Amino acid sequence: MELDADNAYHLGCSLEMEGRSYQAEQFWRKEAAAGNAGAMCGLGNWLDRRGEVGAAEQLWRKAAAAGFTEAMNNLGCSLNSRGEVGEAEQWYRKAAAASGPWWGKQVFANLGCLLEERGEEDEAQQWYRKAATMGHTTAMYRLGCLLHKQGEVGEAEQWLRKAAAASGDVEVMRFLANLLEEQGKRGGAWWWRCKATVAKWEPKLNQEWSGGNLNARRYATEMGESGANLADVLAHNPNVGPH
C-alpha cells in the first residue's frame, strides 16, 4: 500500500518516539527512494540532527519542490542560519502560502523574525500577528515588543500578558514587568518580576524544598538580588510552594 506524504512522515516520527530510530531511518530511506516527499523531509530532519546538514538540505529541497510545507520551512531555517537570507525568505513565503494550521504559525513566526531582523518591521508585525493569533508564544512576545517600540503600549501589554501566561518564559515576564513599571502599574510589575524569579529558581528550590517556606525563603535570600523578589513572594504568601 502506497503511503501519502503526511502518513509517511508521521509514521517515521512515531517510530522515533518509540525509540526505534534505526527502523525510522530505514523506513524513511525506503520511502524517500520511492519519491515520497514526507519521507524525504523526515529523513532530512534525522540527518540534520546528526549534523549532516548538506545531505539534509538536499532532501528538503526535493521535498519542498514536491510541495511538502515542513521541508520548505526547514530549508528556509537552514539557509537563514548561515546568512542566505534571500533564498530563505523565498522558501518561507512559499511555505506561508501553502501552510495549514499546524505548520502555519511556525512559518509565519519565522518569516516575521527574518523581516524584523532586516528592519522591515511593519510587515514583520503582520506575520507575527498571524502566528500569535494561532497561539505561537514567541510570536506573541515579538509582536508585543514591536508594538511597544512603536508606542502601541496598550496592545503590547495584551500580547505580552498572553505570551507570559502561555510560555512561563523568564525573559517575557521581565519585559512585561518593565512595561508595566513604565505605566506606573507597580503592583503588576512587582508580581511579574516575582513570577520571573520563581520560574528562574524553581528547579533549585524544588531540590531544596524541605522544612516549609522558612528554608526556601532562606535559600532565596542567599541568592542575592534575584532572590529578593522570591523572598517577598514567600513572605506575603506563606502557603506558596513549588507546585
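Residues numbered from 1 in each chain as written. Predicted model: local features only at pLDDT ≥ 70, side-chain atom pairs only at ≥ 80, totals over all residues. Heavy atoms only, no water.

Undergrad: Got a minute to help me understand the overall build of the chain in this structure?
TA: Counting its regular elements, the chain contains 14 helices and zero strands. Start at the N end of the chain and walk to the C end: the helices and strands fall as α-α-α-α-α-α-α-α-α-α-α-α-α-α. Looking at the 243 residues of the chain, the share that counts as buried comes to 41%. Of the contacts made within the chain by residues no fewer than 6 positions apart, 43% connect residues no fewer than 24 positions apart. In the structure as shown, the chain presents an accessible area of about 12,700 Å², 50% of it carried by carbon and sulfur atoms. (Helix = DSSP H or I, 4+ residues; strand = E, 2+ residues; numbered from the N terminus. Buried < 20%, exposed > 50% of the residue type's maximum accessible area, 1.4 Å probe, protein only. Contact = heavy atoms within 4.5 Å. Areas by Shrake-Rupley, 256 points an atom, 1.4 Å probe, with all protein chains shown as cover.)

Undergrad: Where do I start with the pattern of salt bridges in this structure?
TA: When their charged atoms lie close together, side chains carrying opposite charge are able to pair. One pass over the full model with this rule turns up 18 salt bridges. As a salt-bridge pair, Glu89 and Arg93 come within 2.9 Å of each other at their nearest N and O atoms. You can see Glu89 and its partner Arg93 sitting in helix H6 (residues 85-98), four residues apart, about one turn around the helix. According to the relative accessible area criterion, Glu89 is buried, its value standing at 14%. Where Arg118 meets Glu89, a salt bridge forms, and the shortest distance between an N and an O atom there is 2.6 Å. You can see Arg118 sitting in the loop between helix H7 (101-117) and helix H8 (121-133) and its partner Glu89 sitting in helix H6, a full 29 residues away along the chain. By relative accessible area, which is 38% here, Arg118 ends up partly exposed. A single network of salt bridges, built from pairs that share partners, joins Glu89, Arg93, Arg118, Glu120 and Glu123. (Salt bridge = Lys/Arg side-chain N within 4 Å of Asp/Glu carboxyl O.)

Undergrad: Before we go on, may I ask you to explain the packing of helix H9 (residues 137-149) against helix H10 (residues 153-167) in this structure?
TA: Here H9 crosses H10 at 155°, and the two axes come no closer than 8 Å. Our classification of the angle between H9 and H10 gives roughly antiparallel. The two elements H9 and H10 meet at a crossing, and its hand is left-handed. Contact with H9, carried on its side by Thr137, Met140, Tyr141, Leu143, Gly144, Cys145, Leu147 and His148, involves Glu155, Ala156, Trp159, Leu160, Lys162, Ala163, Ala166 and Ser167 of H10 and no other residues of that element. (Axes fitted to C-alpha atoms, helices over the stretch in contact; angles between N-to-C directions. Parallel < 35°, antiparallel > 145°, perpendicular 65-115°, else oblique. Left-handed = near helix turned anticlockwise from the far one by under 90°.)

Undergrad: So what exactly am I meant to see when it comes to the side chain of Glu25 here?
TA: Of note, Glu25 is situated in helix H2 (residues 21-33). You can call Glu25 buried: its relative accessible area is 10%. Of note is the side chain of Glu25, whose polar atom sits 2.8 Å from the side chain of Arg29. Leave out the neighbours within four places in its chain, and Glu25 touches Leu43, Trp46 and Arg50. (Polar contact = N/O pair within 3.5 Å; in protein donor to acceptor, adjacent residues only side chain to side chain.)

Undergrad: Whenever I open this one, the packing of aromatic side chains confuses me. Can you help?
TA: If you walk through the whole model with that rule in mind, you get four aromatic pairs. Ring geometry for Tyr141 versus Phe175: centroids 5.9 Å apart, planes at 85°, classification edge-to-face. Linking Tyr141 in helix H9 with Phe175 in helix H11 (residues 170-182), this pair joins segments that are 34 residues apart in sequence. Using a relative accessible area of 13% as the deciding quantity, one classes Tyr141 as buried. The interplanar angle of 40° and the centroid separation of 6.4 Å between the aromatic rings of Trp190 and Trp191 together place this pair among those described as tilted. Residue class for Trp190 comes out partly exposed when judged on its relative accessible area of 31%. Residue placement shows Lys162 over the ring face of Trp159; its charged tip is 4.4 Å from the ring centre. (Phe/Tyr/Trp six-rings, centres within 6.5 Å; stacked < 30°, edge-to-face > 60°. Lys NZ or Arg CZ within 6 Å of the ring centre and 35° of its normal.)

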